[in-house]
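Here is what each chain is made of, one letter per residue.
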Amino acid sequence: MTQPIALITGITGQDGSYLADFLLTQGYRVVGMVRRASTENFERIEHLRGQIEIRQADLLDQLSLINLLREVRPREVYNLAAQSFVPTSWEQPVLTGEFTALGVTRLLEAIRLVDPGIRFYQASSSEMFGQVQEVPQTERTPFYPRSPYGVAKAYAHWITVNYRESYGIFACSGILFNHESPRRGKEFVTRKVTDGVARIKAGLATTLLMGNLQARRDWGFAGDYVEAMWRMLQQPQPDNYVVATGETHSVQELCERAFARAGLNWKDHVVVDRALVRPAEVESLLGDATKAKRVLGWQPRVSFHALVDMMVDADLARYERRSHAQ
Ligand code: NAP
Ligand code: G4F
């Protein structure tokens, strides 16, 4: 049998790196798409050098996507690239729409032109549920996005469904709830907190400025969630799936657990800064992954507490290594 080829956009991101790890264990030839930068940003895939191939293209550039597909001829394309930080989407709404919404149409058009038999995964988001219309949220819950990012992801979701229905492309939309890891970007709340805890423990800071502590999220482990992406593309039919843990926790609970893990009391360090509260908030998310469990045989393995502990421990170890190196 010939080796299957997977193309991952956004391979330098959190999910791209975990998905590459996973696909290599499944025997894939993994090709990662990166956009041009003046310096390489390969920290999350450093450990995979020599095992994966990197090619340049950009979601903003149609021809680069067509040429990439012509060269690589993948069986599966995982579209993980996006402007993914919600607050930035208010500061750069047009660019967010270009990457996160229209970029998906460009990629689907490239697939249609080069090889409509390619299986396509779109990284959709629970941010599309925004001001939630029901609890818990399922594949049938109507969207009510609350940020330019959420609006862009709703467009991307529907264009994925539309290319499935219009052209018969095997296009899946994975509606993933928040998922985190030690590789999470430091601006997202979980990593901001665990990195903040480690900085305080190391004596590099005394306070941590935070936004809305009452917001609630359904947080899972990124390493578990990338497996659901792959399982979607192995089914006989393309479809949409919610991927979530079915548990919701507040940002305050996150702070409590993370500081306690390092032997600290969050109340001594966390300071609320109104400037970090968003113009329109997604107050609470809770997913129902019954369909993913039944059809894909997928299960989350890492609990909320285990996830926070894993991230705090990784950041503590990082600062400890740094202090020993000095
Ligand atoms: P991330 O860490 O922010 O990674 C985003 C990736 O997109 C990076 O590799 C980035 O490359 C790349 N990218 C951005 N603009 C690009 C462009 N114009 N052309 C090519 N590449 C571009 O995000 P993540 O947490 O791994 O999430 C992966 C995907 O899932 C995203 O689409 C996100 O919106 C979605 N999602 C995430 C979650 C979550 O909780 N993590 C939940 C639901 C959906 P650079 O390294 O060059 O910046
Ligand atoms: O970690 P966050 O920035 O993630 P958010 O906005 O939920 O978006 C993430 O998950 C989405 C899936 O639902 C993805 F699609 C998206 O790409 C991204 O990965 O914020 C989580 C919550 C928010 O309610 C925010 O207001 O934490 C609250 N929060 C409170 N203080 C904070 C802070 N968020 C950040 N980033 N920084 C704070 O200081």
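Here's what I pulled together on the structure shown here. (Residues numbered from 1 in each chain as written. Chains lettered and ligands numbered in written order. Predicted model: local features only at pLDDT ≥ 70, side-chain atom pairs only at ≥ 80, totals over all residues. Heavy atoms only, no water.)

1. Comments concerning the site of ligand 1
Inference 1: Around ligand 1 lies a shell of 25 residues, among which Thr12, Arg35, Asn41, Ser84 and Tyr149 are the nearest.
Inference 2: Here ligand 1, which alone exposes 900 Å², has 89% of that area covered by the protein.
Inference 3: Mapped by element, the contributors of at least two residues to the shell around ligand 1 are helix 1 (14-25), strand 5 (119-125) and helix 5 (148-167).
Inference 4: A per-element tally of the shell around ligand 1 places strand 5 first, with three residues.
Inference 5: Of the residues contributing to the shell around ligand 1, the split by class is ten nonpolar, ten polar and five charged. (Near = heavy atom within 4 Å. Areas by Shrake-Rupley, 256 points an atom, 1.4 Å probe, with all protein chains shown as cover. Helix = DSSP H or I, 4+ residues; strand = E, 2+ residues; numbered from the N terminus. Nonpolar A, V, L, I, M, F, W, Y, C, P; charged D, E, K, R; others polar.)

2. Examining the packing of aromatic side chains
Inference 1: For the structure shown, the criterion picks out ten aromatic pairs.
Inference 2: Centroid distance phenylalanine 22 to tryptophan 230: 5.4 Å. Interplanar angle 65°. Geometry classified as edge-to-face. One end of the pair, phenylalanine 22, is in helix 1; the other, tryptophan 230, is in helix 7 (residues 222-233), with 208 residues separating them in the sequence.
Inference 3: Each residue in the set Phe129, Phe143, Trp158 and Phe177 is aromatic and connected to the rest through ring pairs, giving one cluster.
Inference 4: Above the plane of the ring of tyrosine 167 lies arginine 112, whose end atom (NZ or CZ) is 4.3 Å from the centre.
Inference 5: Taking NZ or CZ as reference, lysine 291 lies 5.0 Å from the ring centre of tyrosine 241, over its face. (Phe/Tyr/Trp six-rings, centres within 6.5 Å; stacked < 30°, edge-to-face > 60°. Lys NZ or Arg CZ within 6 Å of the ring centre and 35° of its normal.)

3. Some thoughts on a nonpolar patch on the surface
Inference 1: A contiguous nonpolar patch, built from Leu209, Val271 and Leu276 and spanning about 220 Å² of accessible area, is present on the exposed surface.
Inference 2: Here leucine 209 lies in strand 8 (residues 208-210).
Inference 3: Using a relative accessible area of 41% as the deciding quantity, one classes leucine 209 as partly exposed. (Patch = residues over 30% accessible without salt bridge, like charges linked within 9 Å, V, L, I, M, F, W, Y side chains within 5 Å. Salt bridge = Lys/Arg side-chain N within 4 Å of Asp/Glu carboxyl O. Buried < 20%, exposed > 50% of the residue type's maximum accessible area, 1.4 Å probe, protein only.)

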